[in-house]
Structure formats: structure tokens, C-alpha cells
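# Overview (structure and organization)
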Amino acid sequence: MSLQVNSLGTLAPSQSKQKYNFNKLQKRLRRNVGKAIDDFGMIEHGDKVMVCLSGGKDSYTLLDILMYLQRIAPISFDIVAVNLDQKQPGFPEHVLPDYLKTLGIDYRIVEEDTYSIVKDKIPEGKTTCSLCSRLRRGILYRTATELGATKIALGHHRDDMLETLFLNMFHGGKLKSMPPKLVSDDGKHVVIRPLAYCAEKDIEKYAQAVEFPIIPCNLCGSQENLQRQNIKMMLQDWNRRFPGRIESMFRAIQNVTPSHLVDSNLYDFKTIKATGVASDDGDIAFDKPDFSSQMITEDVDDNAIQIVNLTE
């Protein structure tokens, strides 16, 4: 973000406001990442965190904030940035190494021609995301083992998690989203999503302000008819017409009542009996919703927040 000073050495009013807004945005993102790390025990003392860097706005923001938290955290942890060069035609191979060198951090560029595999296996016009994701995941797990990484950090944010929820409901018949923390497919690694509480709109504004050297994904980015894109547009439309709905939906997946769903594997309905004692699992299905608790406040007093409280 470039700001100009006048002859008196001060910022113009419009630029002062711009700087103020940027500082609020930066604090909000840092606060949300710190809270997610603390809430889910994502990073512990002595961890080596492998940050998966794609060259997109999300992973750049993730690396930027984790580097900041590394400097101020009450614990010690290492960061290594890893990019998978999938040999896409026209991929600017120099951009990420040049950028990472300026940061002075440990990094590795892994070169694997997954592009040719995907193009060979997936018919023209079909979505490549599924196969591409599986190949990329396997390579990243292997790299984490080679580097001795204890945590693998991915750049998925709050909106990604909600989109996944609806994708699974609409197309998979499952009530499932992206967890903020999980064990990898091979059982050897812990995967974390520190941006879990961050809104995509905030990340986008931040990436533009900081001017990260964004690299587009030409392999899948041109597939405009992907179901995820349709879900994204649906959620954006809802949020335009009903401000605060995204925040309310995200809170919903943090406040689950198994007794009022229909999964007998999750809740033992067969043994329910009247006991004559009131229960939290009782018939509250027709209670009026408490709309007073649905008020959303995006911008809180930034001077009163604790930026981060990492797990010791």
C-alpha cells in the first residue's frame, strides 16, 4: 500500500483514512487468526509449521500473518513456506522464489508435473479440481515428512468452509464442512486452517492493499461452471440481500444440537424416555428464535483486543 505525504510531511485526509482503514483490517485479520489458533490448539511450542503457498491471496495472507504472530507469540515455533510447482504452462516460476527471498524465511519449491497427469486423465471440459487436489495433497504430505513439519497450514477461510458445507448438502447428502484442524489422510500429519475465522472479503482487501504478487491458477480457474463457484455466487447474493447472513450461518456450524437433527449414529434416539425431569435435549424445536443474539458487529474496538494467545 503506497501512501504519499504532502510538503508538511503529513498524509492527505483521504490517505489518513485509508491508512486507518488498513490498520483496522490488518488488526481484524490478525485477531481472527490468533483466536482460531487459540480456540483449536493449532500451534504449540516447538512446532514446525509448513505453510502451503499457492501464490493466491489466501495463502499469501496466511503466511504474512503467521510470520507476524511468530514474532510476538509467547511461544517459539518455526515456519517453512512450501510451493508446489505443478508445471502449468506459463507458470511464472520466478515469482514465488523472488518474493520469499525478500522475506528471509525458510522455503522450498517442489516441482512435480501434476498438470500433465490431470490433463491426461480428465476429459476436456470436465472439472479437474478433484484429481488435482488429491495429487497435490499427497505431494504436500510427503514434503511435510521430508521437512520434519509438525503442522501443515492451509489457506482456507470462513467462506471456503461455508461453501463446502453447502456443496456437501446439495451434492453429497452430508452435513459436513472443512474442519479447522484435522489429521491427514495418511494419519501422519496435523492439518490446520488458521484463517477459519477470516472473511474472504477481508483477505481480498488485504491482499490488494499489501500488493502481494498474485499468481492465478490457470489449470482450474477457467472452469467457471464449477459447483463451488455456483455456491459462492449464491452465498454472495444472500449476503447482499440479507447482510449478516454469512456470519449467522458460520455461527450455526459452531452451535450444533445433535438431538434436533436426524442422525441416529450421532444421537441415541431409541433410548429416549420421559423422565419427568427437564432436559437440554427436550422439545425446543418450536421455540421462537432469539433474534437479539443475531446482531453482527464486524468492527469491534481494536484497541481493546488481544491479538493472539497461542497454546503453550
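Cut-off values and rules
Residues numbered from 1 in each chain as written. Predicted model: local features only at pLDDT ≥ 70, side-chain atom pairs only at ≥ 80, totals over all residues. Heavy atoms only, no water. Helix = DSSP H or I, 4+ residues; strand = E, 2+ residues; numbered from the N terminus. Buried < 20%, exposed > 50% of the residue type's maximum accessible area, 1.4 Å probe, protein only. Areas by Shrake-Rupley, 256 points an atom, 1.4 Å probe, with all protein chains shown as cover. Pairing = 2+ DSSP bridges. Axes fitted to C-alpha atoms, helices over the stretch in contact; angles between N-to-C directions. Salt bridge = Lys/Arg side-chain N within 4 Å of Asp/Glu carboxyl O. Phe/Tyr/Trp six-rings, centres within 6.5 Å; stacked < 30°, edge-to-face > 60°. Lys NZ or Arg CZ within 6 Å of the ring centre and 35° of its normal. Core = buried A, V, L, I, M, F, W, Y, C linked by side-chain atoms within 4.5 Å. Contact = heavy atoms within 4.5 Å. Parallel < 35°, antiparallel > 145°, perpendicular 65-115°, else oblique. Left-handed = near helix turned anticlockwise from the far one by under 90°. Nonpolar A, V, L, I, M, F, W, Y, C, P; charged D, E, K, R; others polar.

### Concerning the overall build of the protein chain
- Of the regular secondary structure elements, the protein chain holds 9 helices and 6 strands.
- Split into buried and exposed, the 312 residues of the protein chain put 40% on the buried side.
- Of the accessible surface of the protein chain, which amounts to about 18,100 Å², a share of 52% is contributed by carbon and sulfur atoms.

### Description of the sheet that holds strand β3 (residues 106-111)
- Spatially, 6 strands are ordered β3-β2-β1-β4-β6-β5 in an open sheet, and the strand pairing comes out mixed. Two strands bound the open sheet, and with one partner strand each, they are β3 and β5 (181-183). Strand-to-strand twist across the sheet, computed as the mean angle between neighbouring axes with direction ignored, equals 25 degrees.
- Bridge analysis of strand β1 (residues 48-52) against strand β4 (residues 151-153) gives 3 bridges, and the strand direction is parallel. Each residue of the ladder has a partner; that of Val51, found in β4, is Ala153.

### Re the pattern of salt bridges
- Under the definition given, this model contains 19 salt bridges.
- When the shortest N-O distance is used, the salt bridge between Glu200 and Lys57 registers 3.1 Å. You can see Glu200 sitting in helix α7 (residues 200-210) and its partner Lys57 sitting in helix α2 (residues 57-72), a full 143 residues away along the chain.
- Here Lys232 makes a salt bridge to Glu200, at a shortest N to O gap of 2.8 Å.

### A word on the packing of aromatic side chains
- Tallied over the full model, the rule gives 10 aromatic pairs.
- Judged by centre distance (5.6 Å) and plane angle (5 degrees), the ring pair of Phe22 and Tyr206 falls under stacked. Here Phe22 is found in helix α1 (residues 13-40), whereas its partner Tyr206 is found in helix α7, with 184 residues between them in sequence.
- Between the aromatic rings of Tyr99 and Phe212, the centroid separation amounts to 6.4 Å while the plane-to-plane angle is 85 degrees, which identifies the pairing as edge-to-face. Highlighted residues: Tyr99 in helix α3 (residues 95-103) and Phe212 in the loop between α7 and α8 (227-241), separated in sequence by 113 residues. Across the pair, exposure class does not vary: Tyr99 and Phe212 are buried alike.
- Linked through ring pairs, Phe22, Tyr60, Tyr99, Tyr206 and Phe212 together constitute an aromatic cluster.
- One Lys or Arg, Arg245, reaches over the ring of Trp238 and ends 5.5 Å from the middle of that ring.
- Positioned above the aromatic ring of Phe242, the side-chain terminus of Arg245 is 4.2 Å from the ring centre.

### Overview of the environment of Val118
- Mapped onto the secondary structure, Val118 falls in helix α4 (residues 114-121).
- Judged by relative accessible area, Val118 falls into the buried class, the value being 0%.
- Distance in space between the C-alpha atoms of Val118 and Cys132 is 6.4 Å, their sequence separation being 14 residues.

### Describing the nonpolar core
- Residues Val33, Ile43, Val49, Val51, Leu63 and Leu66 are the most contacted members of the largest nonpolar core, which totals 53 residues.
- Considering every element that reaches this core, the biggest residue donor is α2, with 8 residues.
- For Leu66, the contacting residues outside a window of four places in its chain are Val33, Ile37, Ile43, Val49, Val51, Phe77, Ile79 and Ala153.
- Grouped together as the second largest cluster of nonpolar side chains are 15 residues, Val82, Leu147, Ala149 and Ile152 included.

### Considering the packing of helix α6 (residues 158-172) against α8
- Two elements in contact, α6 and α8, have axes whose closest approach is 9 Å; the angle formed by their N-to-C orientations is 115 degrees. On the basis of their axis angle, the class for α6 and α8 is roughly perpendicular. Note on packing geometry: the crossing formed by α6 with α8 is right-handed. Across the interface between the two elements, Asp160, Leu162, Glu163, Thr164, Phe166, Leu167, Phe170 and His171 from α6 touch Gln227, Arg228, Ile231, Lys232, Met234, Leu235 and Trp238 from α8.
- Broken down by class, the residue content of the contact of α6 with α8 amounts to 8 nonpolar, 3 polar and 4 charged.

Remember that the coordinates give geometry; whether it matters functionally is a separate question.
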